[in-house]
Amino acid sequence: MNPPMTLLWLPLRLSACAALLILPLARASSADPAPAYPDLSGGRVQYAAFPKPLESYAAPSGSVIETILARAAEEPFNVAATVIFLLAILHTFAAGAFTRISHRLEHEHEERLKREGKRSDSQPDGVPEVSFKASLFHFLGEIEAVFGLWAIALAGAATWFHSWEDFKLYVAKDRVFTEPMFVLVVMAIAASRPVLRFAEQMLSKAAALGKGSPAAWWLSVLTIAPILGSFITEPAAMTIAALLLGRKFYRHRPPPSLAYGTLGLLFVNISVGGTLTHFAAPPVLMVAAPWGWDTPFMLEHFGWKALTGVVLSSSLYFLVFRKELRRLSDRADGVEDGIIDSSSWAERPNPVPPWVTLVHLVFLAWTVYTAHYPVLFIGGFLFFLAFSTATQHHQNTLALRSPILVAFFLAGLIIHGGCQAWWIAPVITSLDDRALMFGATVLTAFNDNAAITYLAAQVEGISDAAKHAVVSGAVVGGGLTVIANAPNPAGQSLLSKFFPKGISPLGLFLGALAPTVIFYLCFIILPNGPAKAHDPGHAEIVRASAVTQPPAPSCSPD
């Protein structure tokens with residue numbers, strides 16, 4: 001089909017896609033079932049019989065352990081859901097072993113084909129003969145697939161203890177999957193050639209101070225991109241930073257210590273770097289409206305500390321790894337420093353017209369602005385796809401595999417995380433202000449940090465010091481594991497190809513430990529601004545608008 005006819009078909013395709021998106025939503029809203037818990041605090045309702053709402057339990061009358069044991073006895077499904085969640089976490093640590101088994105099976109498969117005289121590259125019909133066992137273990141080694149895989153076990157447990165209908169209501173009515181959809185769209189747009197080239201041009205001005213070496217790009221990306229996350233949201237900043245690090249740094253094959261140190265520093269800096277505003281970091285967004293926190297408040301109490309920590313952490317790692325970075329720059333000097341492989345279409349040096357870049361940035365801004373409304377940002381994404389088709393000669397092939405896997409990961413985490421409040425809430429509410437920050441940091445490593453801050457926002461009468469402590473701990477611990485912060489799966493998905501044996505959870509933890517400690521000390525030692533009073537009535541209105549507990553974290557302002 002010629003280009004004019006293609007453009008004529010675009011509106012029809014968009015209309016059909018919009019109809020497919022909107023009509024099921026309209027049908028679903030016309031016949032809501034009766035909720036199992038119709039009158040929860042704040043006007044909330046819950047359709048499924050699980051998880052048991054926190055206010056439905058008897059008031060705690062003993063220690064934290066006694067409270068948790070009592071809740072486990074009152075609702076046995078709690079134990080099953082948490083055991084499944086812990087098994088999923090352990091699975092992430094075993095993902096590397098599954099990947100190695102997959103590679104071994106694939107090698108054995110290729111050797112068998114050679115012995116049998118079969119073509120190992122393709123069958124007569126052009127489809128290569130695939131080893132099912134190798135593919136199976138490769139799937140088990142995909143960290144992004146882990147929580148979705150274990151959601152099947154959770155569905156079985158929910159059906160056993162309650163019913164299949166309850167599980168359907170849980171995922172369809174009580175869970176909110178706005179964040180996975182948002183991350184998918186924002187990752188796809190941020191990874192487009194015009195946006196990536198624009199970010200590369202902006203950061204190249206800083207990298208030019210170091211003559212564009214891998215070390216200069218390393219320092220520029222790890223210092224500037226996290227701060228950028230406060231304005232374009234953390235998932236978009238993570239996507240841009242990971243892609244640029246892959247092109248300018250990881251392609252030069254750094255030693256494992258530097259590779260994991262860079263990954264851990266990236267995750268921690270992104271997690272804390274989004275706290276300059278009240279809408280970019282999911283754990284901040286969960287509490288911004290109920291507690292009356294706005295951007296000036298965030299700058300005064302968190303933003304300047306985040307800036308200090310980013311500079312200190314990046315500078316420290318730069319000094320620690322200066323010899324490795326220098327060797328990396330020497331090895332790349334005259335080969336790939338600032339040079340693009342023009343033989344590759346994706347790496348072609350052809351400039352992107354400014355108007356094409358501007359349109360892409362508008363689509364990115366629209367996605368950030370409408371992040372709470374899937375119909376709007378998905379509709380915008382459809383127009384983005386149409387525009388990309390119409391300007392195909394300026395684009396690269398749209399990479400959707402990583403965004404889809406990351407969205408799948410976050411969706412699985414939302415399904416599992418919603419069943420963990422029964423034990424997380426008592427732990428949070430039992431700690432004093434000093435212990436609360438440490439507790440939030442540790443808990444964040446085992447659950448999404450936005451869920452931690454959401455649960456804290458439900459506690460009535462929490463002090464300003466406690467509010468600051470729980471949010472500080474949640475963002476500081478956001479780089480310790482891949483599940484600690486929503487953008488982390490995006491970074492892992494984009495950079496995992498540079499780790500031959502897969503990304504080790506232990507390696508990530510060790511790489512993130514030092515910057516985590518630095519940020520922890522910054523938030524403890526550096527002074528806070530004066531307490532900001534907020535309208536309690538406004539907080540009650542916000543709580544009344546909540547649909548479930550805890551909801552899926554969102555990533556941007558209304």
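Scroll up a little and you will see the structure.
Since the model is a prediction, treat every value here as computed from it, not as a measurement.

Draft legend 1. Quick look at the overall build of the chain. When helices and strands are counted, the chain shows 24 helices and 0 strands. Scored against the burial criterion, the 558 residues of the chain give a buried share of 53%. Long-range pairs, those at least 24 residues apart, make up 80% of the contacts in the chain with a sequence separation of at least 6.

Draft legend 2. Just the packing of helix H2 (residues 64–74) against helix H18 (residues 421–430), in detail. Between H2 and H18, whose axes approach to 10 Å, the crossing angle comes to 160°. In terms of axis orientation, H2 runs roughly antiparallel to H18. Crossing handedness for the pair H2 and H18: right-handed. Touching Val64, Thr67, Ile68, Arg71 and Ala72 of H2 are Ala421, Trp422, Trp423, Pro426, Val427 and Ser430, all from H18. Of the residues contributing to the contact of H2 with H18, the split by class is 8 nonpolar, 2 polar and 1 charged.

Draft legend 3. Layout of the packing of aromatic side chains. One pass over the full model with this rule turns up 22 aromatic pairs. Taking the centre distance of 4.9 Å and the plane angle of 55° together, the rings of Tyr260 and Phe499 count as tilted. Of the two residues, Tyr260 sits in helix H11 (residues 256–273) while Phe499 sits in the loop between helix H22 (488–495) and helix H23 (505–525), which places them 239 residues apart along the sequence. Residue classification places Tyr260 among the buried positions, given a relative accessible area of 16%. Their ring planes at 80° and their centres at 5.6 Å tell us that Phe363 and Phe384 sit as a pair that is edge-to-face. Linking Phe363 in helix H15 (residues 354–369) with Phe384 in helix H16 (residues 374–390), this pair joins segments that are 21 residues apart in sequence. Both residues of the pair, Phe363 and Phe384, belong to the buried class. Three or more aromatic residues link up through ring pairs in this structure, and these residues are Phe249, Tyr250, Tyr260, Phe498 and Phe499. Taking the ring centre of Tyr57 as reference, the NZ or CZ of Lys52 above it sits at 5.8 Å. One Lys or Arg, Lys173, reaches over the ring of Tyr47 and ends 5.6 Å from the middle of that ring.

Draft legend 4. Spotlight on the packing of helix H8 (residues 193–207) against helix H9 (residues 214–232). As a packed pair, H8 and H9 sit with axes 9 Å apart at the nearest point and diverge in direction by 120°. By crossing handedness, the relation of H8 to H9 is classed as right-handed. The segment H8 lies against H9, with Glu200, Leu203, Ser204, Ala206 and Ala207 engaging Ala216, Trp217, Ser220, Val221 and Ile224. When grouped by side-chain class, the residues that make up the contact of H8 with H9 number 7 nonpolar, 2 polar and 1 charged.

Draft legend 5. Region of interest: a nonpolar patch on the surface. Together, Leu506, Phe509, Leu510, Leu513, Val517, Leu521, Ile524 and Ile525 give the surface a local cluster of nonpolar side chains, amounting to about 740 Å² of exposed area. Position of Leu510 relative to the elements: it lies in helix H23.

Draft legend 6. Spotlight on H18. Judged by how many residues are buried, H18 sits mostly within the fold: 7 of 10 residues are covered. Residues of H18 that are buried: Ala421, Trp422, Trp423, Ile424, Ala425, Pro426 and Ile428. Residues of H18 that are buried make contact with H2, helix H3 (77–115), helix H17 (401–417), helix H19 (433–444) and helix H20 (449–457).

Draft legend 7. Expanded view of the pattern of salt bridges. Counting across every chain of the model gives 9 salt bridges. Across the pair Arg112 and Glu129 runs a salt bridge whose closest N-O atoms are separated by 3.0 Å. Taken together, the positions of Arg112 in helix H3 and Glu129 in the loop between H3 and helix H4 (132–140) put the pair 17 residues apart, joining distant regions of the chain. Taking the relative accessible area as the measure of exposure, Arg112 reaches 27% and is therefore partly exposed. Overall, the relative accessible area of 23% leaves Glu129 in the partly exposed class.

Draft legend 8. Representation of unusual backbone geometry within the structure. A cis amide bond links Phe50 to the next residue, Pro51, at an omega of -10°. In this model, Arg253 sits at a positive phi of 55°, which is unusual for a non-glycine residue.

Conventions used here
Residues numbered from 1 in each chain as written. Predicted model: local features only at pLDDT ≥ 70, side-chain atom pairs only at ≥ 80, totals over all residues. Heavy atoms only, no water. Helix = DSSP H or I, 4+ residues; strand = E, 2+ residues; numbered from the N terminus. Buried < 20%, exposed > 50% of the residue type's maximum accessible area, 1.4 Å probe, protein only. Contact = heavy atoms within 4.5 Å. Axes fitted to C-alpha atoms, helices over the stretch in contact; angles between N-to-C directions. Parallel < 35°, antiparallel > 145°, perpendicular 65-115°, else oblique. Left-handed = near helix turned anticlockwise from the far one by under 90°. Nonpolar A, V, L, I, M, F, W, Y, C, P; charged D, E, K, R; others polar. Phe/Tyr/Trp six-rings, centres within 6.5 Å; stacked < 30°, edge-to-face > 60°. Lys NZ or Arg CZ within 6 Å of the ring centre and 35° of its normal. Patch = residues over 30% accessible without salt bridge, like charges linked within 9 Å, V, L, I, M, F, W, Y side chains within 5 Å. Areas by Shrake-Rupley, 256 points an atom, 1.4 Å probe, with all protein chains shown as cover. Salt bridge = Lys/Arg side-chain N within 4 Å of Asp/Glu carboxyl O.

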